[in-house]
Amino acid sequence: MIVRGIRNNVWPPIGAQIDMKKNLTNIGIDYLKRHPGLRQSVRKAVLRYKKSSYARIAGRLEVDPKMVIFEAYMGKNCCCSPRAIYDRMAKDPAYDDYSFVWAFIDCDAHRDAGPLHPDLSRARLVTYKSKEYFETYAKAGMFITNSRLPEEIVRKHNQIFVQCWHGTPLKRLGHDVIENSENSLNTSEEIKTKSDID
């Protein structure tokens, strides 16, 4: 049906296009999972492209030492340690001349203060992984998050990154993760390359 529609210069409905894209994406991911060498090559190429795109954005923007971006659980909520730090900074007169930014997947859900949402009146909200999101990370003097940042975001020498991960000392992160081609998104070599570690 989709092929017949395309032949007649009639595109399938948007829902069918999205389903087709998801199916093709899933087929590609399944294929790459079965071929780890190819998966690593594709990941490296995609990461190189993303890093060069971010580097172009970051290269044209100056760091503002008085801008702080907060993010909790990859933009899902305003909570945990980043929220506690934001609440203290927003009330402290020492930070009156600072600008605060929160990154959310759904900014509209966090605009109004209420019993479930903190007062974000001092903060500008940006959509997670939007162009404005990447520009803000390129400009902010400080990042405060409790989750991973997208791999393409590389901290400049004059930026401060406060990582608020928490858990038990038995938790495996980064180089401690036991690799196997089925479950690992980043091999130790990829982490070393990304972090410029010997």
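Report on the accompanying structure. Every value quoted in this text rests on a predicted model; they were computed, and no experiment measured them.

Conventions we followed
- Residues numbered from 1 in each chain as written.
- Predicted model: local features only at pLDDT ≥ 70, side-chain atom pairs only at ≥ 80, totals over all residues.
- Heavy atoms only, no water.
- Helix = DSSP H or I, 4+ residues; strand = E, 2+ residues; numbered from the N terminus.
- Buried < 20%, exposed > 50% of the residue type's maximum accessible area, 1.4 Å probe, protein only.
- Areas by Shrake-Rupley, 256 points an atom, 1.4 Å probe, with all protein chains shown as cover.
- Lys, Arg positive; Asp, Glu negative; His and termini not counted.
- Salt bridge = Lys/Arg side-chain N within 4 Å of Asp/Glu carboxyl O.
- Contact = heavy atoms within 4.5 Å.
- Phe/Tyr/Trp six-rings, centres within 6.5 Å; stacked < 30°, edge-to-face > 60°.

**Description of the overall build of the protein chain**
Item 1. The secondary structure content of the protein chain amounts to six helices and five strands.
Item 2. Buried residues in the protein chain amount to 30% of all 198 residues.
Item 3. Total accessible area on the protein chain stands at roughly 13100 Å², and carbon and sulfur atoms take up 56% of it.

**Digging into the side chain of glutamate 71**
Item 1. In this structure, glutamate 71 sits in strand β1 (residues 64-71).
Item 2. No salt bridge is formed by the buried glutamate 71, whose closest oppositely charged neighbour, lysine 129, lies at an N-O distance of 8.5 Å.
Item 3. With near-sequence residues (within four places) excluded, glutamate 71 lies in contact with Pro82, Trp102, Ala103, Tyr128, Tyr133, Tyr137, Ile144, Thr145, Asn146, Ser147, Arg148 and Leu149.

**A few points about the environment of alanine 138**
Item 1. Among the structural elements, alanine 138 can be located in helix α5 (residues 131-139).
Item 2. Owing to a relative accessible area of 0%, alanine 138 belongs among the buried residues under this scheme.
Item 3. Linking alanine 138 and alanine 55, residues 83 residues apart in sequence, is a C-alpha distance of 8.7 Å.
Item 4. The residues contacting alanine 138, other than those within four sequence positions of it, are Tyr54, Ile57, Ala58, Leu61, Val63, Lys156 and Gln159.

**Looking at the packing of aromatic side chains**
Item 1. Counted under the stated rule, the structure contains 13 aromatic pairs.
Item 2. Judged by centre distance (6.2 Å) and plane angle (70°), the ring pair of tyrosine 54 and phenylalanine 134 falls under edge-to-face. Of this pair, tyrosine 54 sits in helix α3 (residues 36-59) while phenylalanine 134 sits in helix α5, and the two are 80 residues apart along the sequence.
Item 3. A residue is classified by how much of its surface remains accessible, and tyrosine 54, at 4% relative accessible area, is buried.
Item 4. According to the relative accessible area criterion, phenylalanine 134 is buried, its value standing at 12%.
Item 5. Seen in terms of ring centroids, tyrosine 133 and tyrosine 137 are 5.0 Å apart; in terms of plane orientation they differ by 70°. Their pairing is edge-to-face. Taken together, the residues tyrosine 133 and tyrosine 137, both in helix α5 and four residues apart, mark about one turn of the helix. Summarising the burial analysis for this pair, tyrosine 133 and tyrosine 137 share the class buried.
Item 6. One aromatic cluster is present, built from ring pairs that chain together Tyr54, Tyr128, Tyr133, Phe134, Tyr137, Phe143 and Phe161.

Geometric descriptors of this kind do not, in isolation, establish any biological role.
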